[in-house]
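Remarks on the overall topology
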Amino acid sequence: MRIFRMRALGTVIIVMVMALAACSATPTEAPLPDPQTLLNKAATEVQNAKSIKIKLQLTGAPSYVDPPLTLGGPGNSIAFISADGAYVAPDRVSASVVASILGIPGKVDVTAIGDDQWMKNQILTAGRWVKRIFSPGFNAAKLISSDSGIQSALRALKDLKVVGRENIDGVQMYHVTGNAAGADISALTVGLIRGSDVIVDIYIPIDTGRVDRVIMVQPETVTPKEPKPTTWTLELFDYNSDEQIAAPDLGDTVATAQATIPVTVDSGMLATSEATQAK
Amino acid sequence: MTNAATPQSTVTTHRRWLILALVLVPVFIGALDLTIVSAILPEVLTRLNIPIDTNLGTAAWAVTGYLLAYTVSMIVMGRVSDLIGRRSVYLVCLAIFIGGSWWVATAHEFPTALLNQIARQGLHQRPDINQLTLLAVIIGRVIQALGAGAIVPVSMALVGDLYPPDRRAQPIGIIGAVDTLGWVLGHLYGGVMVSFFNQNGAAIEQFLQQLGLNWPAPDWHTLFFLNVPIGLLALGLTWWALRGVEHPAGEGRFDIIGGILVSLTLIGLNVAVGGNTEITGATSLNALDTQANGSPFNLPLLAGALLSFALFLIWEWFQKYPLIDLHLFRKRNVSAASSTNLLVGFCLMLALVSVPLLVNLRAENASADSIANAAEKAGILLSSLTVPMMFAAIPGGGLANRIGYRTTTMLGMTLAGIGFLLAGLTWQADTPDLVMAAEMILVGIGLGLTISPIGTAVINDANESQRGISSALVIILRLVGMTIAVSTLTTFALSRVNYLVGVARDTFAAGLTPDQIQHLSVQAYFASGIKVIDELLLIGSVVCFIALIPAMFLRGTARIESSGETRPHRLVEREVISGR
């Protein structure tokens, strides 16, 4: 009787273990897609988007907008920090850009429609919109929908590999890795990225096939002073939302002169005012 | 309420002094951190890559949050220690302070990553990393203050347990003096150290590498990180020193509802009146208009705060074991001194913010080095306010004995009022530092003269069993005055800068070029900033003179009769030297 019970118990245990094993067995995953196919589709999505929200953040070693040595200036005085904005097809961009000028972070609101640009800053424009060139040569149409923009950058990546599927912030995404020369993918950072070797990680939601996140790391920027490499994180989201970008209302004092920001602020905003005050 | 016989009879004199020496370390560090941010906030924002012109509203909570949490903790934890024991409350609060310090020191690492995860996964937001780091700093500051605010009252209560009544004055006076020294030196320490790190950070890093320590160059984080090993050492030693020191459970229960109501009142009041912009950072003036429209919740919040305060008063009045015994205010000197001290706290904070404001505004240029140097200069200039204030407390006690509480307090407030008036009339872009320092010395001496008469008047007017809570009440009301000052002055500065810049902007001629608009805009902000600082100082003068009204109701001198025995004023003076 006792032996019978033991055998029965053993049978039950074996059945339970088998049942558990069956339940927990990893389902056969679909094979990973071809990375180039993924990126081509993602690039097409960007090109066809009516609007996209864009967030670009830089961490680690700073990346300077101006070259190290500038004639008549200190050089390496303007460092990009972040940009948060939106693109509306075909040629409109609006963003809040944060940059460090001589070590002091400041925010400038920028709107670009075609070749026209407007900017607003609390100190520099007393908080009102002024029509002036913030970034010479910038055009939103070139950034997004032309062959030289983001889609071109996505297609310029080399050594592409789909690492796998990952859960990022609750969303299943393909993780694609690759590398590129800075110049080839500069459109991903509005032309700010430089250098030769950039390691790129791209995250594409499985359900949409659209680029959600691009992380660009520049290992060569590591120095004893800056132990963390320059890392750019580009996020593209809210594709085809009802975003509207209109030319800012300039009020009574419309200005149209063409100038660039660095020329006018790198001498120190408050020092300028103090000198003026002293006079 | 507490049975002090046991520890007093079992703890030797030598050990009592050892315990006192050990509890002084956290008292000093906690007080240091109360004012450390006032000089270094622009530097902190710069290093965090936070635009100063648009984010000081949020950054203000690094100061306001600390003050609020410090005040609430001070009100609540003294009573908690009565009920569950000094040792456990002291050690837990010290641990909280250490944890908060570590959190602030590493805000850009784990805390930011944690907040990023919460924002992305929990709230489905795509936050700015630098903004998250700033939020992490603010959270860390609040945690720090919840611990630090409790350390002073619990330390004083601990002394009450360890020493017999006739020998408490000296150790309590020492705690008060060390506490005062901490907040007096906080901004100087912060400013000087930040400037030192800025100039010598690379050399220090190189030196550490030679020692085999691969640590980053020291910066503002280091100021908070230093609290961790020192605090841990103090925690271990205090845990060891307090072993076996019994504290029998006190009578009654903790007034939870009172604690919630007073917290809601203070938080609601500060949020409602706009305590969301830091005005100690001079470059903030160009950003103040971001707050101009205010929050649509301001009025409901203010109403809520007032309702909460009314409920608190009603609740406390009828409690057998209240958080704050409101019946104390029936005593004339308690009411008069508390009201005066509320205004003293307001004026003190006003002076503490005006100096860095002007120093940063007229910094050499808008560079990171210049901001760091401005922090040092602001710290040094602020010492011309706080150091004389500390020293003036001593003759203030003597004067209170000779000419009475009322005259001494009124003399002090008059001097401070004159100092503020002179500063408001003379501070310009090119005012020499010496002139600014001289006027701040006058303000410091004036405010310092009031410390002893105000504190002594309250203590001597209270029964012996009420002296602890009475003296705590004086400190708390000064802290409340300081907190309200940050909030209300912010609102005032915001509206005034906006108004003045708006007026200037309306005068811009039509058809200006961008360069001309830029030039005029910068000029308008600078001129408006200077004008608003002057107006703040004049408000300080007016408030000092308003403080003369409650001060007029003070009665008596520091020499008192108690149980037929005369208590020399110096003993009482030591008990109240902790005036903040």
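Residues numbered from 1 in each chain as written. Chains lettered and ligands numbered in written order. Predicted model: local features only at pLDDT ≥ 70, side-chain atom pairs only at ≥ 80, totals over all residues.

1. Description of the packing of helix α2 (residues 13-47) of chain B against helix α10 (residues 227-241) of chain B
Residue and element names in this part refer to chain B. Worth spelling out the cut-off: With axes taken as lines fitted to C-alpha atoms, and helix axes fitted only over the stretch in contact, angles between N-to-C directions fall between 0 and 180 degrees. Put simply, DSSP marks the helices as runs of H or I at least four residues long and the strands as runs of E at least two long, and each gets a number from the N terminus on. With respect to orientation, any angle under 35 degrees is reported as roughly parallel, any angle over 145 as roughly antiparallel, any angle of 65 to 115 as roughly perpendicular, and every other angle as oblique. Note: crossing handedness is left-handed where the near helix turns anticlockwise from the far helix by less than a right angle, and right-handed where it turns clockwise. It is the C-beta atoms, placed from the backbone, that decide contacts: two residues are in contact if theirs lie within 7 Å. Throughout this entry, Asp, Glu, Lys and Arg are counted as charged residues, while Ala, Val, Leu, Ile, Met, Phe, Trp, Tyr, Cys and Pro are counted as nonpolar. The remaining residues, Gly among them, count as polar.
Running from amino to carboxyl end, α2 crosses α10 at an angle of 155 degrees, the nearest separation of the two axes being 9 Å. When the interaxial angle is binned, α2 and α10 end up roughly antiparallel. Note on packing geometry: the crossing formed by α2 with α10 is left-handed. In this structure, α2 contributes L18, I19, L22, V23, V25, P26 and I29 to the contact, and α10 contributes N227, I230, G231, A234, L237, T238 and A241. The class makeup of the residues in the contact of α2 with α10 is 11 nonpolar, three polar and no charged.

2. Some points on helix α4 (residues 61-84) of chain B
Within an α-helix, residues lying three or four positions from one another point in the same direction, as the helix has 3.6 residues per turn. Residue and element names in this part refer to chain B. Using the following cut-off: The term bend refers to the angle at a residue between two fitted axes, each drawn through seven residues, those ending there and those starting there. Residue burial here comes from a neighbour count, namely the number of other C-beta atoms, placed from the backbone, that lie within 10 Å of the residue's own C-beta, with 20 or more meaning buried, 12 or fewer meaning exposed, and in between meaning partly exposed.
Of all the bends in α4, the greatest, near 30 degrees, is centred on M74. Among the 24 residues of α4, 22 are classified as buried, and the element is accordingly described as predominantly covered. Two residues or fewer past α4, G85 is found with a positive phi of approximately 110 degrees.

3. Focus on the environment of A:R213
All names here are of chain A. With respect to the secondary-structure elements, R213 resides in strand β11 (residues 213-218). The spacing of R213 and M119 is 94 residues in sequence and 27 Å in space, taken between C-alpha atoms. Look past the residues within four positions of R213 in its chain and what remains in contact with it is Y203, T233 and E235.

4. A few points about the confidence of the model for chain B
Close inspection of predicted coordinates is inappropriate for parts of the model with low pLDDT. Residues and elements named next belong to chain B. Inclusion rule: Note on scores: pLDDT gives the predictor's confidence for each residue, bounded by 0 and 100.
Counting all residues, the mean pLDDT for chain B is 80, and 84% of those residues have values of 70 or more. The least confident element of chain B, judged by mean pLDDT, is strand β2 (residues 565-567) at 43; the most confident is helix α18 (residues 548-551) at 96. For residues 1-5, every residue scores under 50 in pLDDT, and the model assigns this stretch 11 contacts once sequence neighbours within four places are set aside. For the stretch residues 561-580, pLDDT sits under 50, and the model shows 57 contacts to residues farther than four places along the chain or on other chains. Overall fold confidence for the complex sits at a pTM of 0.77, while the interface term, ipTM, reaches 0.72.

5. Thoughts on the nonpolar core
Residue and element names in this part refer to chain B. The following threshold applies: By our criterion, buried Ala, Val, Leu, Ile, Met, Phe, Trp, Tyr and Cys residues that link up through C-beta atoms within 7 Å make up a nonpolar core.
Within the largest apolar cluster, 241 residues are counted, with the highest numbers of intra-cluster contacts made by C93, I151, C347, L350 and V355. In terms of residues, this core owes the most to one element, helix α14 (residues 368-426), which gives 21 residues. Dropping the residues within four chain positions of it, C347 is found in contact with A416, L447, G540, V543 and C544.

6. Quick word on the confidence of the model for chain A
Of all residues in chain A, 72% attain a pLDDT of 70 or more, and the chain-wide mean is 76. In the model of chain A, helix α5 (residues 261-265) of chain A stands out as the element of lowest mean pLDDT, 31, in contrast to strand β10 (residues 198-205) of chain A, which has the highest, 93.

7. Overview of unusual backbone geometry
Glycine aside, the phi torsion of most residues is negative, and most peptide linkages are trans. All names here are of chain A. With omega at 5 degrees, the peptide bond leading from A89 into P90 counts as cis. Summarising the element assignment, P90 is placed in the loop between β3 (78-88) and β4 (92-101). Not every positive phi belongs to a glycine, and N240 is a case in point at roughly 60 degrees. Residue position: N240 is located in the loop between β12 (230-237) and α5. Its 13 C-beta neighbours within 10 Å are what place N240 among the partly exposed residues.

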